[in-house]
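Architecture and fold: a report
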Amino acid sequence: MTASIPRFGIWALVSGATGSLFHPDEPPDATWERNKRLVLEAETLGYDTTLVAQHLFHVRDETLDQLETWTSCAAIKPRLFHPAVLAKMATQIEEISHGRFAINLVNAWYKPEFERAGIPFSEHDARYDYGREWITLVRALIAGERVEFKGAHFTIDGYQLRPTGRYRPRPIIYAGGESVQARDLAADTADVWFINGQPTENVRALIADTAARPRRGPKLRYGLSAFVIARPTDAEAQEEHARILDIARQDAPLRDRQMANTDPKAVMFHTFARLPKHVGSNGGTAAGLVGSYDTVAARILQFHALGIETFMLQFQPFEAEMRRFADEVRPRVQRLSVAAA
Ligand SMILES: Cc1cc2nc3c(=O)[nH]c(=O)nc-3n(C[C@H](O)[C@H](O)[C@H](O)COP(=O)(O)O)c2cc1C
């Protein structure tokens, strides 16, 4: 069952901005100071969680700053860390944060991060095979299990980590990715599957598909990425969307460069190409959280009814719009949720 009130999180600004890099009110700023301020303010405003995306370069413009994820903590690509080392770091951050840490498993799409460091960037389905072995080990190790394992990629001979389980059985595992391989892997090994921002009918079909895949243990839960533009009226929100889309035309050459460096088999980019013009990463405004405060709150409730529990949000300019959402949209969502209960 879905939690009765939606949870909201924010994408940290490890790439400096989530919409256009040319927005006049938000020049890219990926400093640690800004990110720390942002996440602490989000917590004060009542947001429940934060997603720290993982890239080693800025995927649109390599001359721009990009914060490292694991030390800023933590989405994770299997190839970059041995599972035993990663599991040990995860259990330590779980201790430091008193049980507030989560891993987001992503099986990579941006080739230069790997290739230019000489790290193998294998073919799409092979990356998922590797990821499956990797997350199976990490999942057991962060739960404090004793692990004996011999697979195609790893051999672990009697590993057991301590301390574990002080605050809960283990950190939560999220997983992103839209291919059939990603859905199988999420159904089989994750606690929460992250869906890219797209209309409710797509999300309904994706949830139905993934929920039908083989799984052991408690039901898979669902999260949605979305870029929010909320204003007093629908017309004002649509006007702002058109304005940011116009500003984002300047990002086109950078996006073309990014696509040239992207694995053509990464399914999520085929989805984005079919969606209407949108701003923000991972589907962004295509989730339809663009409208009056009432419209956005009602759409959130529609997604929630489909099973979306956590909304991982983007804004631009980030701080001002994040505050507006906390002041205007979230109370409406809470009122609607209580009324519907
Ligand atoms: C909410 C969300 C967050 C993601 N974060 C990252 C990330 O930090 N780094 C990354 O390389 N990919 C990230 N991804 C991308 C996917 O995990 C995956 O690599 C991509 O969709 C390509 O795989 P596919 O062919 O299964 O779609 C994210 C996806 C979602 C939905």
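Before any of the text, the structure's been laid out above.
My aim in this report is to walk through the structure given alongside it, one point at a time. Here the structure is a predicted model, which means the values were calculated and not measured.

Parameters and conventions
Counting from 1, residues in each chain are numbered in the order their sequence is written. Per-residue local features are limited, in this predicted model, to residues with pLDDT of at least 70; the limit for side-chain atom pairs, both in listing and counting, is 80 or more; totals at the level of whole chains, interfaces and linings are taken over all residues. Excluded from the side-chain calculation are hydrogens and water; included are all heavy atoms of the structure. Helix axes use the C-alpha atoms of the stretch in contact, all axes being lines fitted to C-alpha atoms, and the angles between their N-to-C directions lie in the range 0 to 180 degrees. The numbering of helices and of strands both runs from the N terminus, where a helix is a DSSP run of H or I of at least 4 residues and a strand a run of E of at least 2. Here roughly perpendicular refers to angles of 65 to 115 degrees, roughly parallel to angles under 35, roughly antiparallel to angles over 145, and oblique to all remaining angles. Note on contacts: a residue pair is in contact if any heavy atoms of the two residues lie within 4.5 Å. Throughout, the ten residues Ala, Val, Leu, Ile, Met, Phe, Trp, Tyr, Cys and Pro are labelled nonpolar, Asp, Glu, Lys and Arg are labelled charged, and all others, Gly among them, are labelled polar. Being near a molecule or strand, for a residue, means having at least one of its heavy atoms within 4 Å of it. Any pair of N or O atoms that falls within 3.5 Å is considered a polar contact. Within protein, one atom must be able to donate a hydrogen and the other to accept it, and sequence-neighbouring residues count only if both atoms are side-chain atoms. Surface exposure here means Shrake-Rupley accessible area, sampled with a 1.4 Å probe, where a residue is shielded only by the protein chains that are shown. Each residue is placed in one exposure class: buried if its accessible area under a 1.4 Å probe, protein chains only, is under 20% of its type's maximum, exposed if it is over 50%, and partly exposed if it falls in between. Ring pairs shown here join Phe, Tyr and Trp side chains whose ring centres sit within 6.5 Å, with only the six-membered ring taken for Trp; geometry is labelled stacked below 30 degrees between planes, edge-to-face above 60, and tilted in between. Every helix has an expected span of 1.5 Å times one less than the residues it contains. We call a set of buried Ala, Val, Leu, Ile, Met, Phe, Trp, Tyr and Cys residues a nonpolar core when their side-chain atoms join them within 4.5 Å. When DSSP finds at least two bridges between two strands, those strands are taken to pair.

Looking at the packing of helix 1 (residues 32-44) against helix 12 (residues 318-340)
Direction vectors running N to C along helix 1 and helix 12 enclose 5°, while the axes themselves pass 11 Å from each other. In terms of orientation, helix 1 lies roughly parallel with respect to helix 12. On the side of helix 1, the interface is formed by Arg34, Leu38, Glu41 and Ala42, while helix 12 contributes Phe318, Glu319, Met322 and Arg323. Of the residues in the contact of helix 1 with helix 12, the class split is four nonpolar, no polar and four charged.

Overview of the site of the ligand
In the vicinity of the ligand lie 26 residues, with Gln54, His124, Tyr128, Ser179 and Val267 positioned nearest. Taking Gln54, its main chain carries an N or O atom lying 2.5 Å from an oxygen atom of the ligand. Taking Gly176, its main chain carries an N or O atom lying 3.3 Å from an oxygen atom of the ligand. Here the ligand has 630 Å² of accessible area as a free molecule, and 99% of this is covered by the chains. Counting residues per element, the ones that place at least two in the shell around the ligand are helix 5 (124-142) and helix 10 (267-274). Residues that form the shell around the ligand fall into these classes: 13 nonpolar, 10 polar and three charged.

Re the side chain of Thr49
Relative to the elements of secondary structure, Thr49 occurs in strand 2 (residues 49-51). Residue classification places Thr49 among the buried residues on the basis of a relative accessible area of 18%. Apart from the residues within four sequence positions on either side, Thr49 is in contact with Arg7, Phe8, Gly9, Ile10, Thr310 and Met312.

Some thoughts on the packing of aromatic side chains
Within this structure, the stated rule accounts for 12 aromatic pairs. When the centroid spacing of 5.3 Å and the interplanar angle of 90° are considered together, the rings of Phe315 and Phe318 count as edge-to-face. For the pair formed by Phe315 and Phe318, the shared burial category is buried. Pairwise contacts between aromatic rings join Phe8, Tyr47, Phe303, Phe311, Phe315, Phe318 and Phe325 into one cluster.

A short note on helix 11 (residues 293-306)
Relative to the 20 Å expected for 14 residues at 1.5 Å per residue, helix 11 spans 20 Å between its end C-alpha atoms, a close match to the ideal helical length. Residues Tyr293, Thr295, Val296, Ala297, Ile300, Leu301, Phe303, His304 and Leu306 constitute the buried set of helix 11. Gly307 occupies a position one or two residues after helix 11 and carries a positive phi of about 125°.

What about the nonpolar core?
One finds Tyr47, Ile300 and Leu313 to be the most contacted residues of the largest nonpolar core, which totals 65 residues. In terms of residue count, the dominant contributor to this core is helix 5 (nine residues). One finds Ala12, Tyr174, Phe194 and Met312 within the second-largest nonpolar core, a separate group that totals 11 residues.

Description of the pairing of strand 12 (residues 308-314)
Along strand 12, seven of the seven residues are buried, which leaves the element largely enclosed by surrounding structure. Summarising the sheet, strand 1 (residues 7-11) and strand 12 pair through four bridges and their orientation is parallel. Among the inter-strand pairings, Gly9 is bridged to a residue of strand 12, identified as Met312. Both strand 9 (residues 221-227) and strand 12 contribute to a ladder of six bridges, which runs parallel. Considered in strand 12, the bridge of Phe227 is made with Gln314.

Keep in mind that these numbers describe shape and distance, not what the molecule does.
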